[in-house]
Amino acid sequence: MNAKRPACAAPALETPAPAASQTYSYCDLQHIESASTELAEEVALAIAYNGISQAVMLVTPTDLEDFIVGFSLGSGIIEDHSDIYDLQLSGSGSAQYAQITIANRAFWNLKQQRRQLAGTSGCGLCGVEAVEQALPNLNVLPGAPLPPAQWLDGLRQRIGAFQPLGQHCGAVHAAVFMNAEGELLLGREDIGRHNALDKLIGGLIRQNIPTAGGLAIVTSRCSLELIQKVLRAGIQTLVSLSSPTGLAVQWARRHNLNLIHLPQKSAPRVYSPALEKQA
């Protein structure tokens, strides 16, 4: 009989999470000269839904509420922001805790996913179900026009204003949103590329920023997980500063997601929609 998973209990003593960056000293290999620099910080964030532990994520300790909302939606735990009834953050230093209360429907779906992965390993079904969860059935987007080419002119340089931590310390990824007028509106940073996108999606939702006609920009490589998060958020164009994987391109084409790679020294490459062959 399966034991009941313990609840994620926050500590009694609560102190703020560390700052996004802190100063550390270092020296050269010969120990002749020493100096100091600021480095990006990370914390362990334990996430629980309706009192049941779900995951522990290493994240940059900024915009954690945005991250929780974006993570919940991007992971398919909720279908809409209204499914979250309450969100409480607590913790001690680098150990942080998020207690989220979600709608009964969402919690039931989450428990069903857990039950599917809790089977025996000998029959092989557990692995099949795990693959099905990694490759879920997602809604096909209605399709949207590609953004004008001028929107992407100098984009690598322009998004620097939305990367204060990355510009100062390095070691973090960024996700930025451009609206239907080609204006850069919102950016989020994190040590994790998935986390940065989750934070951006959560920030858009929490600030009621319309996504129609806009696009998301990620500084990291573009793999399938990022495609799935954007699809669930209903954003119809994704621009990546690094190359996409083949599976990411397949899913983008299958789901009517505009997928554009912006190389460092050449013109933007449109991978989705696919170029129709001339008759």
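This text follows the structure it describes.
All values derive from a computational prediction rather than experimental measurement.

(A) Main features of the pattern of salt bridges. This model, assessed by the stated rule, comprises 6 salt bridges. Here Arg 188 and Asp 63 are joined by a salt bridge, their closest N and O atoms 3.6 Å apart. One end of the pair, Arg 188, is in strand 8 (residues 184–190); the other, Asp 63, is in the loop between strand 4 (52–59) and helix 1 (64–74), with 125 residues separating them in the sequence. You can call Asp 63 partly exposed: its relative accessible area is 32%. With a shortest N-O distance of 2.8 Å, Arg 188 and Asp 66 are connected by a salt bridge. Here Asp 66 lies in helix 1 and Arg 188 lies in strand 8, a separation of 122 residues in the sequence. With relative accessibility at 11%, the residue Arg 188 sits in the buried group. A relative accessible area of 4% places Asp 66 in the buried class.

(B) Up close: the packing of helix 1 against helix 6 (residues 193–206). Across the interface, helix 1 lies against helix 6 with an axial gap of 6 Å and an inter-helix angle of 100 degrees. As the angle between them shows, helix 1 and helix 6 are arranged roughly perpendicular. When helix 1 is examined against helix 6, the residues Glu 65, Asp 66, Phe 67, Val 69, Gly 70, Phe 71, Leu 73 and Gly 74 are found in contact with a partner set consisting of Asn 195, Asp 198, Lys 199, Ile 201, Gly 202, Gly 203, Ile 205 and Arg 206. Tallied by class, residues from the contact of helix 1 with helix 6 come to 6 nonpolar, 5 polar and 5 charged.

(C) Fine view of the sheet that holds strand 12 (residues 269–272). Taken together, the 6 strands give an open sheet; going across it, the order is 8-7-9-10-11-12, and neighbouring strands pair in mixed fashion. A single partner strand is all that each edge strand has here, and the edge strands are strand 8 and strand 12. Between one strand and the next, the sheet's axes are offset by a mean angle of 20 degrees, whatever the strand orientation. Note: strand 10 (residues 237–240) against strand 11 (residues 258–261), 4 bridges, orientation parallel. When the sheet's bridge partners are listed, Ser 240 is paired in strand 11 with His 261. Helix-sheet contacts for helix 6 involve strand 7 (173–178), strand 8 and strand 9 (215–218), and the interaxial angle to strand 8 is about 140 degrees.

(D) Structural detail: the nonpolar core. Membership of the largest hydrophobic core comes to 47 residues, with the highest contact counts inside it found for Ile 102, Ile 227 and Leu 238. Beyond its immediate chain neighbours, meaning those up to four positions away, Ile 102 contacts Tyr 49, Asn 50, Ile 77, Ile 78, Asp 83, Ile 84, Tyr 85 and Phe 107. Residues Trp 151, Leu 152, Leu 155 and Ile 217 belong to the second largest nonpolar core, which totals 13 residues.

(E) Local environment of unusual backbone geometry. Between Ser 272 and the following residue, Pro 273, the backbone shows a cis peptide bond with an omega angle of 5 degrees. Inspection of the secondary structure puts Pro 273 in the segment after strand 12. If you check the backbone angles, Asn 256 has positive phi at about 60 degrees while not being a glycine. Judged by its relative accessible area of 36%, Asn 256 falls in the partly exposed class.

(F) Representation of the pairing of strand 4. As paired strands, strand 3 (residues 43–49) and strand 4 are joined by 7 bridges and run antiparallel to one another. For Ala 48, the partnering residue across the bridge sits in strand 4 and is Ser 53. Hairpin connection from strand 3 to strand 4: 2 residues lie between these consecutive antiparallel strands, with Asn 50 at a positive phi of about 50 degrees.

What counts as what
Residues numbered from 1 in each chain as written. Predicted model: local features only at pLDDT ≥ 70, side-chain atom pairs only at ≥ 80, totals over all residues. Heavy atoms only, no water. Salt bridge = Lys/Arg side-chain N within 4 Å of Asp/Glu carboxyl O. Helix = DSSP H or I, 4+ residues; strand = E, 2+ residues; numbered from the N terminus. Buried < 20%, exposed > 50% of the residue type's maximum accessible area, 1.4 Å probe, protein only. Axes fitted to C-alpha atoms, helices over the stretch in contact; angles between N-to-C directions. Parallel < 35°, antiparallel > 145°, perpendicular 65-115°, else oblique. Contact = heavy atoms within 4.5 Å. Nonpolar A, V, L, I, M, F, W, Y, C, P; charged D, E, K, R; others polar. Pairing = 2+ DSSP bridges. Core = buried A, V, L, I, M, F, W, Y, C linked by side-chain atoms within 4.5 Å.

Honestly, that's just the spatial picture; any functional story needs more than this.
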